[in-house]
Amino acid sequence: MDFFNNIDLKITDFIDIILVALLLYYVYKLVRGSVAINIFIGMVIVWGFWKLTDLLGMNMISSIVGPFLQVGLVALIVVFQQEIRKFLLLIGSTNFANKRNFFKYFNFLGQENLASSINIEAILKACENMSKTRTGALFVIERSHSLDFIKSSGDKMYIEITQPIIESIFYKNSPLHDGAVVIVNNYIVATRVILPVSNERNIPLHYGLRHRAAVGITEKTDALALVLSEETGAISYLKNGTFVPFKGNYELSILLKNDLT
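Residues numbered from 1 in each chain as written. Predicted model: local features only at pLDDT ≥ 70, side-chain atom pairs only at ≥ 80, totals over all residues. Heavy atoms only, no water.

**Student:** Mind showing me how you'd approach the pattern of salt bridges here?
**Tutor:** Here the idea is simple: oppositely charged side chains can pair when their charged atoms come close. Inspection of the entire model under this criterion finds six salt bridges. One salt bridge connects lysine 151 with glutamate 142, and the closest N-O pair in it is separated by 3.7 Å. For lysine 151, a relative accessible area of 11% gives the class buried. Residue glutamate 142 is classed as buried on the basis of its relative accessible area of 5%. (Salt bridge = Lys/Arg side-chain N within 4 Å of Asp/Glu carboxyl O. Buried < 20%, exposed > 50% of the residue type's maximum accessible area, 1.4 Å probe, protein only.)

**Student:** Explain the pairing of strand 6 (residues 235-239) here, please?
**Tutor:** Working note: regular strand, side chains alternate between the two faces of the sheet. Counting buried positions along strand 6 gives five out of five residues, so the element sits mostly inside the fold. Side chains of strand 6 alternate between two faces, with Ile235, Tyr237 and Lys239 and Ser236 and Leu238 buried alike. As paired strands, strand 5 (residues 224-228) and strand 6 are joined by five bridges and run antiparallel to one another. Note on strand 6: the bridge partner recorded for alanine 225 is leucine 238. Taking the residues between adjacent antiparallel strands as the criterion, strand 6 and strand 7 (residues 242-243) are bridged by two residues, where asparagine 240 takes a positive phi near 55°. (Helix = DSSP H or I, 4+ residues; strand = E, 2+ residues; numbered from the N terminus. Pairing = 2+ DSSP bridges.)

**Student:** Would you explain the pairing of strand 5 in this entry?
**Tutor:** When you tally the buried positions in strand 5, you get five out of five residues, the bulk of the element. Burial along strand 5 is two-sided: the face carrying Leu224, Leu226 and Leu228 and the face carrying Ala225 and Val227 are both buried. Two strands pair when backbone bridges link them, and strand 1 (residues 137-141) and strand 5 are joined in this way by five bridges, in the antiparallel orientation. Opposite valine 140, over in strand 5, you have alanine 225 as the bridge partner. The turn joining strand 5 and strand 6, which pair antiparallel and follow one another in sequence, is formed by six residues; a positive phi near 80° is taken by glycine 233.

Written out as structure tokens, the structure is:
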């Protein structure tokens with residue numbers, strides 16, 4: 001245990017620890033809610049075990065775990081390719097370069113969460129009404145990752161969310177009903193937006209282009225998507241490229257609020 005007596009901590013060591021903690025925190029936020037979270041937690045545990053055995057001088061077990069982590073790095077790139085793509089998209093987004101939005105990513109306290117700013121009830125009530133008339137709709141809700149790269153494909157606007165506004169946009173004879181609407185905070189910032197369509201083969205065949213577009217945008221970013229089927233009137237909720245099951249609008253409201261917190 002002599003190494004505890006020989007520890008010489010400098011200011012750079014504290015900065016190093018803080019930066020690693022921040023990195024782990026934001027990687028966790030990136031993979032939270034996806035199947036990759038279990039892999040991430042497992043790798044953190046294995047890495048911590050390796051460092052502990054190295055500090056304690058347990059050379060045999062340390063020599064086994066160390067190379068395993070080095071080889072596992074290649075596997076991680078394959079496993080986390082979707083999350084890595086999201087991270088790079090975040091770094092390269094135009095909003096990330098904006099000073100006001102830049103500090104939003106590194107604000108732990110005092111930041112109003114999206115759930116309290118977005119009128120979720122108005123969106124779901126509009127969906128409920130449009131479901132009765134089999135009106136198709138597609139909503140994309142921005143979270144951390146900027147959606148500027150898709151907003152430019154549609155008509156930019158800045159309209160506060162209300163139930164009548166949503167229903168009028170997606171009314172079948174409206175010139176704005178095609179494509180997706182993008183929601184930022186409590187405003188519709190773009191309509192008729194063209195989304196990247198997923199090539200995922202596991203999507204059931206009865207889902208149409210709207211659903212594939214919703215899968216595509218939630219695969220590439222951390223955005224949330226709501227899809228209203230024109231054929232069945234059913235509402236689908238998508239996150240991280242997958243369909244999230246729910247029972248009724250109340251449960252969907254809870255899911256949205258939790259994911260926007």
